[in-house]
Amino acid sequence: MKGTGVSPGISIGTAYVIRKAPAVNAITNTIEEKDKPAEISNFDKAVKEATGEVNRIIDLNRSRFKPEDIAILETQTEFIGDSQIRSDVQDKILNENLPAVVAVREVIQSMVQMFGEMDDEYLRARRTDIQDAGKRIIKHLLKDDSESARRYTENTILIAEDISPTDALSIDTSLISGIATVEGGRTSHAAIIARSRGIPAVAGCGPTLMEIADNDTIILDGSTGDILVNPDNHKIEEYRKKKKISDRESESLKLIRDKPAITKDGRKIHLLGNISSHTELEHLFECGGEGVGLLRTELFFMQHEKLPSEEEQFEFYLQVAITAGKKPVIVRTLDIGGDKQVPFLSIPAESNPFLGYRAIRISLDRTDIFLTQIRAILRASVYGNLKIMLPMVSCLDELKAAKTLIKKAESELSDSGIRYNSKIETGIMLEIPSAALMTGMLSKESDFFSIGTNDLCQYTMAVDRMNRKVASLYDHFNPGFLRLLKTAIDQAHEKGKSVGMCGEMSSDPLAVILLLGMGLDEFSMPASSIPVVKQIINKVDYKDAKEIYNIAMTMESSSEIREYLQEKSK
Ligand code: PEP
Ligand code: MG
């Protein structure tokens, strides 16, 4: 099988296949006598979890929701815990041998029908509440293959449709030696996390991947994207040798860890890492990272069942600040929405999530959440070298509004006599074309910039970064896209502001010289990419990089540019 190599390295191990819970409609099989008690207790557990979930939503949003909204949710909890529903479900499990999900579906369907036939308009309208209650119970019944419930053995290779960022974060790296997914590409969050943890991974393998069975022997090459299923001994031996060589290469790259990234003619470049928690710092510094160019805070939120409190957040930022010491850490404020959802915020599904209620748009709407996060970051700023970065800024007004809130958080802390770094820098991500085209103006309010090519490329090219069918268009060597990057860098430099890049383009070995030639000041990437990028920078003259960039800009297609860069990198 073949996919896209998204995290380098070779791994040889046994498959653990994570299958999505089947759609309820697809579950038709009956159950055996011995399984009935377990099905009934699964139902009771799902009811308890569903009730807890709705109560948490009510508690967290009491000040925001209208009384009618709260009443709807309260009615939902009544239906979820309804004793008649429970006894009907139990009856179907015991007497009709149905699994709990099917029993719930049938009981709910017949109740919906019964309420629909009632004369009383109020009772008729309760059908939707019953339906919602049923959906919520079913959701919890199907939630059976969560990361915490899985048991891995050593050298497991995970095989999955896709791996959620939350799952990817909680994976025990000591046991997982490789990841392969049906969906996704280099910039899917699971791939990003695999790279930052040094786990070889292949994404976008297509549906045949799911034909792999548990315990199949797998060879996975995260550089070429090759996956071999149940290979013969000859192949296993061949790949063991390759693995030895590639492990040795990555060890020798680590030897240049303490050397600075500097071009032959003396231009110093800062190489930083992208992380999601303090546990990744050790690996980052081992690879020679000079600090953190992007701390993705949303993944910490996604691991919680409810909104983390200011104290919990403070602890999280504090650990990062203390572990990093004097090294800079750019803390990005919450960037949820798109493919990153947190269940406790109950953000309704949108037809265009990447263009919708996301990142700073949520922060400026839910100022309670934003202020809590900013206070926690500011409190931790005394213990290290933290900076604040705002995601998805599209115009100056958004930046000004966020900065007013940051000032408010600062005065709240001052009023309570709590210390913070009053000189903390605030910068923004450049990941929306409008912002990239006006860095000059944004420089009035932004201390620094960091280009998020993962999003900037999808918005510039109008290509969903998660959609395999259009992945060939998602190309950071597109001449239009390169011009946009250059404009952003030039305008910011004119105003004396530095520009970094924390999108995945900064770790593409082919792109490094081009970005250098454009004048990029700082590259931030998954830790394991740092040694390779440093080696490239150390071997080139800045003036040659500028020349290479200028020549590339005379070319009309990304394939031409790519070929030229390949030629130049030989
Ligand atoms: C980006 O968009 O390039 C980026 C770094 O942010 P994320 O991948 O978290 O959206
Ligand atoms: Mg982004």
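Scroll up for the structure.
Procedures and definitions
- Residues numbered from 1 in each chain as written.
- Chains lettered and ligands numbered in written order.
- Predicted model: local features only at pLDDT ≥ 70, side-chain atom pairs only at ≥ 80, totals over all residues.
- Heavy atoms only, no water.
- Near = heavy atom within 4 Å.
- Polar contact = N/O pair within 3.5 Å; in protein donor to acceptor, adjacent residues only side chain to side chain.
- Helix = DSSP H or I, 4+ residues; strand = E, 2+ residues; numbered from the N terminus.
- Nonpolar A, V, L, I, M, F, W, Y, C, P; charged D, E, K, R; others polar.
- Buried < 20%, exposed > 50% of the residue type's maximum accessible area, 1.4 Å probe, protein only.
- Pairing = 2+ DSSP bridges.
- Axes fitted to C-alpha atoms, helices over the stretch in contact; angles between N-to-C directions.
- Right-handed = clockwise from strand over helix to strand, strands pointing away.
- Parallel < 35°, antiparallel > 145°, perpendicular 65-115°, else oblique.
- Contact = heavy atoms within 4.5 Å.
- Donors = N, O, S within 2.8 Å, 3.2 Å for Na, K, Ca; no water.
- Left-handed = near helix turned anticlockwise from the far one by under 90°.
- Expected span 1.5 Å × (residues − 1).
- Phe/Tyr/Trp six-rings, centres within 6.5 Å; stacked < 30°, edge-to-face > 60°.
- Lys NZ or Arg CZ within 6 Å of the ring centre and 35° of its normal.

K.L.:
It is not clear to me how the site of ligand 1 should be interpreted in this structure. Could you clarify?
P.N.:
Taken together, 16 residues sit near ligand 1, with R296, R332, G452, N454 and R465 positioned nearest. Measuring from an oxygen atom of ligand 1, one finds a side-chain N or O atom of D455 at 3.0 Å. When contributions to the shell around ligand 1 are tallied by element, the ones reaching two or more residues are β9 (292-296) and α18 (453-461). Per-element accounting of the shell around ligand 1 gives the leading share, 3 residues, to α18. In terms of residue class, the shell around ligand 1 is built from 3 nonpolar, 5 polar and 8 charged.

K.L.:
Could you clarify how one ought to interpret unusual backbone geometry in this entry?
P.N.:
Glycine aside, a negative phi is what most residues show, and trans is what most peptide bonds show. The phi dihedral of N155 is positive, around 60°, even though this residue is not glycine. According to the relative accessible area criterion, N155 is partly exposed, its value standing at 39%. Of note in this structure, A359 is not a glycine but carries a positive phi near 50°. Within the element layout of this structure, A359 appears in the loop between β10 (328-332) and α13 (360-365).

K.L.:
What exactly am I supposed to notice about the sheet that holds strand β11 (residues 385-390) here?
P.N.:
One key point about sheets: their strands pair by backbone hydrogen bonds, in either a parallel or an antiparallel sense. Taking strand neighbours around the barrel as the criterion, the 8 strands line up as β8-β9-β10-β11-β12-β13-β14-β15 in a closed arrangement whose pairing is parallel. On average, adjacent strands in this sheet sit at an angle of 30° to one another, irrespective of strand direction. Where β11 and strand β12 (residues 426-430) come together, 3 bridges link them in parallel fashion. Across the sheet, the residue bridging to M389 is G427, located in β12.

K.L.:
Where do I start with the pairing of β11 in this structure?
P.N.:
Every other side chain in a regular strand lies on the same face of the sheet, so the side chains alternate between the two faces. Most of β11 sits out of view: 5 of its 6 residues are buried. Strand direction decides the pairing type here: β10 and β11, joined by 5 bridges, are parallel. Bridge pairing links P328 to N385 in β11. Chirality of the crossover, the property in question, places the unit of β11, helix α15 (residues 396-415) and β12 among those that are right-handed.

K.L.:
Explain the packing of helix α20 (residues 509-518) against helix α22 (residues 542-552) here, please?
P.N.:
The angle between the axes and the distance between the axes are what describe a pair of packed helices. Look at α20 against α22: their axes get within 7 Å of each other, and the N-to-C directions meet at 100°. Classed by the angle they form, the pair α20 and α22 counts as roughly perpendicular. In this structure, α20 contributes I513, L514, L516, G517 and M518 to the contact, and α22 contributes Y542, A545, K546, I548, Y549 and A552. The residue inventory of the contact of α20 with α22, partitioned by class, reads 9 nonpolar, 1 polar and 1 charged.

K.L.:
For this particular structure, what's the right way to read the coordination of the magnesium ion (ligand 2)?
P.N.:
When a metal carries six donors in an octahedron, the ideal angles between them are 90 or 180 degrees, while four donors in a tetrahedron ideally lie at 109.5 degrees. Protein ligation of the magnesium ion (ligand 2) involves E431 (OE) and D455 (OD), the donor distances falling in the range 2.0 to 2.1 Å. You can see E431 sitting in the loop between β12 and α16 (433-436) and its partner D455 sitting in helix α18, a full 24 residues away along the chain. The exposure class of D455 is buried, given its relative accessible area of 3%.

K.L.:
What is the right way to look at the sheet that holds strand β6 (residues 217-221) in this model?
P.N.:
Reading across from one edge, β1-β5-β4-β3-β2-β6-β7 is the order of the 7 strands in this open sheet, with mixed pairing throughout. Strands at the two margins of the open sheet, each flanked by one partner only, are β1 (4-7) and β7 (227-229). Here the strands of the sheet are splayed against their neighbours by 30° on average, with no regard to which way each runs. Pairing analysis gives 5 bridges linking strand β2 (residues 10-18) to β6, with the strands arranged antiparallel. The residue of β6 that forms the bridge with G13 is I218. On top of the sheet, helix α9 (residues 233-254) reaches β2, β6 and β7; it is set at about 115° to β2, its chief contact.

K.L.:
Would you take a moment to explain the environment of T453 for this structure?
P.N.:
Along the chain, the position of T453 falls in helix α18. When the C-alpha positions of T453 and G273 are compared, they lie 15 Å apart, and in sequence the two are 180 residues distant. At 3.5 Å, the side chain of T453 forms a polar contact with the backbone nitrogen of E504.

K.L.:
Sorry, what's going on with the environment of Q566 here?
P.N.:
On the secondary structure map, Q566 appears in helix α23 (residues 558-568). Each C-alpha atom of the pair Q566 and L253 lies 21 Å from the other, and the pair is 313 residues apart in sequence.

K.L.:
Help me out: how do you make sense of the packing of helix α3 (residues 83-96) against helix α4 (residues 100-116) in this one?
P.N.:
Relative to each other, α3 and α4 sit at 130°, their axes nearing to 9 Å. With respect to α4, the element α3 is oriented oblique. Seen from above, α3 lies across α4 with right-handed handedness. The segment α3 lies against α4, with I85, D88, V89, K92, I93 and E96 engaging A100, A103, V104, E106, V107, I108 and M111. Residue composition of the contact of α3 with α4, grouped by class: 9 nonpolar, no polar and 4 charged.

K.L.:
Is there a simple way to think about α15 in this case?
P.N.:
Residue pairs three or four apart in sequence face the same way in an α-helix, which turns once every 3.6 residues. Along its 20 residues, α15 runs 29 Å from first to last C-alpha, staying within 8% of the 28 Å computed at 1.5 Å per residue. Taken as a whole, α15 has its buried residues at L396, E398, L399, A402, L405, I406, A409, E410 and L413. Of the surrounding secondary structure, the elements contacted by the buried residues of α15 are α13, α14 (367-380), β11, β12 and α17 (439-442).

K.L.:
Looking at this structure, how should I read the packing of aromatic side chains?
P.N.:
Applying the stated rule across the entire model yields 5 aromatic pairs. Judged by centre distance (6.1 Å) and plane angle (90°), the ring pair of F300 and F301 falls under edge-to-face. In this structure, F300 and F301 share a single accessibility class: buried. For the pair F300 and F316, a centre-to-centre distance of 4.1 Å together with 10° between the ring planes defines the contact as stacked. With F300 in helix α11 (residues 298-302) and F316 in helix α12 (residues 310-324), the pair connects residues that are 16 residues apart, well separated along the chain. An aromatic cluster of three or more residues is present, and its members are F300, F301, F316 and Y317. Directly above the ring of Y542 sits R267, whose terminal nitrogen or CZ lies 4.5 Å from the centroid. K327 extends its terminal NZ or CZ atom over the ring of F285, reaching a point 4.3 Å from the ring centre.

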